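Here are the chains, one letter per residue:
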Amino acid sequence: MIKIKKRKILLLPGDGIGPEVIQEVKKVILWLNSNKSLDFEIDEDLAGGCSYDKHGTPITDEVFYKALESEFVMLGAVGGPKWDNLDFSKKPERALLKLRKELKLFANLRPAICFEQLVDASTLKPEIVSGLDIMIVRELTGGIYFGEPRGIKPIENGERKGINTHSYTTSEIVRVAKVAFDLARKRSNQVTSCEKSNVMEAGQLWKEEVQELHDKEYKDVELSHMLADNCAMQLLKNPKQFDVIVTDNLFGDMLSDQASMLTGSLGLLPSASLGAKNKDGEMRAMYEPIHGSAPDIAGKEIANPIASILSFAMALRYSLDLDSEADALEKAVQDVLNDGLRTKDILSEGKKEVSTSAMGDAIISKLQ
Ligand code: NAD
């Protein structure tokens with residue numbers, strides 16, 4: 001078992017705008033080291049298309065071992081048209097999937113927060129999204145994306161059949177539900193569990209196990225169950241009814257994308273992927289903005305670094321228990337937005353456009 005080194009952070013900037021936005025995170029880390037006497041040790045390496053170009057593989061064993069021994073990984077984004085036609089096993093995204101799978105990061109946390117200053121950027125009416133603060137907890141390593149049997153096979157009548165298997169075990173459901181209940185206790189104490197128990201046995205089991213865990217250990221948290229298709233509707237109709245939503249891999253993939261768009265911009269939204277705590281209380285984790293490598297704007301110095309900086313704030317909170325530093329960083333982002341500074345993706349009339357690095361500098365100056 002490889003030991004996690006405390007305070008060691010592995011930066012994997014990746015492709016496209018990844019290196020531009022992670023550079024701003026690096027500035028924040030160095031600022032914290034100098035001004036808050038935090039002793040983060042930073043390592044940086046290749047993952048994604050850039051790794052394929054240099055080593056012929058999206059992630060080398062050496063980088064993977066570095067990830068194993070780091071306290072957490074901060075990823076930028078991977079992929080781009082240059083690598084679109086590679087064999088599936090060589091695609092940049094394989095780096096991500098390998099890290100998630102091998103580090104056993106089973107809980108994906110995606111907050112959907114509507115910044116008051118950017119309420120007009122949403123496609124929904126301001127009164128529907130203003131003050132929105134939802135946390136979606138998606139199961140990340142089970143369900144239909146991983147279940148066996150899977151594949152495409154010929155069948156007797158000359159047609160082909162595509163097969164995927166949706167399955168969950170009690171322990172897979174319970175561990176992710178615990179993450180959701182624990183988070184709810186630190187928020188508004190309310191969990192909505194989503195599945196399709198009306199048509200799927202795996203959904204029925206999901207509902208029963210979540211309820212049982214609630215009744216045994218989390219009676220103080222308000223639990224409700226909702227069919228996933230209804231949840232998709234409710235997210236558009238009345239999103240502020242939700243606090244924490246917990247759901248499986250497939251429904252979580254869709255519901256979290258839908259929720260993120262309520263807030264208007266991809267460039268603002270962070271995410272965390274967490275593993276189980278070991279007996280020493282250590283947990284593997286990876287933090288990344290939800291956006292991709294945005295090849296259309298790469299190299300132009302206009303990418304929004306806020307999603308990455310807020311992902312690092314999640315790392316401060318969930319991996320390091322540095323809640324006050326996380327609060328300060330989130331407040332610095334709010335303050336900069338209050339001052340009217342905007343990268344191009346969130347620019348509106350009367351606001352001042354700034355570059356990627358100027359946005360990072362402004363956030364750091366608010367920390368001071
Ligand atoms: P994308 O998120 O990269 O970009 C979608 C749109 O949002 C683009 O117009 C882009 O310019 C804009 N955008 C994204 N992030 C921004 C930011 N920080 N600041 C300003 N504007 C931003 O999605 P896509 O175009 O579908 O995918 C591009 C590549 O990224 C693909 O190769 C895809 O596979 C990959 N991808 C990677 C990840 C990941 O690494 N986690 C996630 C999604 C997509």
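All residue numbers refer to position in the chain's written sequence, counted from 1. Where totals are concerned, whole chains, interfaces and linings use all residues; where local detail is concerned, this predicted model gives features only for residues with pLDDT of at least 70, and gives and counts side-chain atom pairs only at 80 or more. With hydrogens and water set aside, each side-chain value is computed from the structure's full complement of heavy atoms.

1. Things to note about the overall build of the protein chain
As a reminder, the rule being used: Where helices and strands are cited, they refer to DSSP runs of H or I of at least four residues and of E of at least two residues respectively, numbered from the N terminus. Based on C-alpha atoms, the radius of gyration is set beside the globule rule, defined as 2.2 Å times the residue count to the power 0.38. Burial status follows relative accessibility: with a 1.4 Å probe on protein chains alone, a residue under 20% of its type maximum counts as buried, one over 50% as exposed, and anything between as partly exposed. Two residues form a contact once any of their heavy atoms are found within 4.5 Å.
When helices and strands are counted, the protein chain shows 12 helices and 14 strands. Here the C-alpha radius of gyration of the protein chain, 21 Å, is about what a compact globule of 368 residues would show, namely 21 Å. Its C-alpha atoms give the protein chain principal-axis dimensions of about 60 × 50 × 45 Å. For the protein chain, the proportion of its 368 residues judged to be buried stands at 53%. Restricting to contacts in the protein chain with at least 6 residues of sequence separation, those with at least 24 account for 74%.

2. Quick word on the pairing of strand β10 (residues 244–247)
Note the cut-off: Two strands form a pair only when DSSP identifies at least two bridges running between them.
Covered by surrounding structure in β10 are V244 and V246 together with I245 and T247, the residues of both alternating faces. In terms of strand pairing, strand β5 (residues 133–139) meets β10 through four bridges, oriented parallel. Bridge pairing links I136 to I245 in β10. Here strand β8 (residues 190–195) runs beside β10; their pairing, made up of four bridges, is parallel. When the bridges of β10 are listed, C194 appears paired with T247.

3. Examining the nonpolar core
Using the following cut-off: Only buried residues count toward a nonpolar core. Its members are Ala, Val, Leu, Ile, Met, Phe, Trp, Tyr and Cys residues joined through side-chain atoms within 4.5 Å. Either an automatic procedure or a domain database provided the assignment from which the domain bounds are taken.
Ranked by internal contacts, the top residues of the largest apolar core, which has 69 residues, are F40, L109, V137, Y287 and F312. The two domains that each donate at least three residues to this core are domain 1 (1–105 + 277–368) and domain 2 (107–274). Among residues more than four places away in sequence, those in contact with V137 are N108, L109, V176, V179, A180, L183, V244, I245, V246 and T247.

4. Observations concerning the pairing of strand β9 (residues 222–227)
The side chains of a regular strand alternate, residue by residue, between the two faces of the sheet. Bridge count for β8 against β9 is six bridges, and the pairing is parallel. The residue of β9 that forms the bridge with E195 is L227.

5. Notes on the UniProt feature "binding site: Mg(2+)" (unreviewed entry) in the protein chain
As a reminder, the rule being used: UniProt positions are given in the numbering used here, feature names are shortened, and annotations may be inferred rather than shown by experiment.
UniProt's feature table lists "binding site: Mg(2+)" (unreviewed entry) at D229, D253 and D257, given in the numbering used throughout. A maximum C-alpha distance of 14.0 Å is found for the annotated residues, which run over 29 residues; spatially they form one tight group. Here D229 is to be found in helix α8 (residues 228–237). Structurally, D253 can be placed in helix α9 (residues 249–262). On the accessibility criterion, D253 (24% relative accessible area) is partly exposed.

6. A word on the UniProt feature "site: Important for catalysis" (unreviewed entry) in the protein chain
Here the UniProt-annotated "site: Important for catalysis" (unreviewed entry) positions come out as Y145 and K196. Residue placement: K196 occurs in the loop between β8 and α7 (201–217). Note on K196: relative accessible area 16%, which makes it buried. For K196, the contacting residues outside a window of four places in its chain are G203, L227, A228, D229 and F251.

7. A word on the domain arrangement of the protein chain
Convention followed: What gets called buried area is simply the loss in accessible area from a 1.4 Å probe that two parts show on being joined, summed for both. Within this document, salt bridges are pairs made up of a side-chain nitrogen of Lys or Arg and a carboxyl oxygen of Asp or Glu, the two lying within 4 Å of each other. Any N or O atom pair separated by 3.5 Å or less is treated as a polar contact, with the protein-specific requirement of one donor-capable and one acceptor-capable atom, and with residues adjacent in sequence counted only for side-chain atom pairs.
Taken domain by domain, the protein chain consists of domain 1 (1–105 + 277–368) and domain 2 (107–274). Computed over C-alpha atoms, the centres of domain 1 and domain 2 are 23 Å apart. Taken residue by residue, the interface counts 27 residues in domain 1 and 23 residues in domain 2. Both sides of the domain 1 and domain 2 interface together cover about 2,200 Å² of buried area, and 67% of this is carbon and sulfur. Here domain 1 and domain 2 share zero salt bridges between them. In this assembly, domain 1 and domain 2 are joined by six residue pairs in polar contact (both at pLDDT 80 or more). It is strand β12 (residues 283–289) that contributes the most residues to the side of domain 1 that touches domain 2, seven residues altogether.

8. Focus on the sheet that holds β10
Convention followed: Axis definition: a line fitted to C-alpha atoms, over the contacting stretch in the case of helices. Angles run 0 to 180 degrees between N-to-C directions.
Strand order in the open sheet made by the 10 strands is β2-β1-β3-β12-β11-β4-β5-β10-β8-β9, with mixed pairing throughout. Lying at the two open borders of the sheet, with one neighbouring strand each, are β2 (41–44) and β9. Sheet twist, expressed as the average angle between the axes of neighbouring strands with direction ignored, equals 20°. In terms of strand pairing, strand β11 (residues 270–277) meets β12 through six bridges, oriented antiparallel. Among the inter-strand pairings, S273 is bridged to a residue of β12, identified as M286. Contacting β1 (8–14), β3 (72–77) and β12, helix α4 (residues 93–102) runs over the sheet at an angle of about 150° to β12. Across the sheet, α9 is in contact with β4 (107–113), β5, β8 and β10; its angle to β5 comes to roughly 155°.

9. Notes on the state of the cysteines
What counts is decided by this rule: Two cysteine sulfurs form what is called a disulfide whenever their separation falls within 2.5 Å.
A full pass over the atoms with the stated rule returns zero disulfides. We note that C114 lacks a disulfide partner, and the nearest cysteine sulfur, in C231, lies 18 Å from it. No disulfide involves C231; its sulfur sits 3.6 Å from the nearest other cysteine sulfur, which is in C194. In this structure C231 comes out as buried when scored by relative accessible area, which is 0%.

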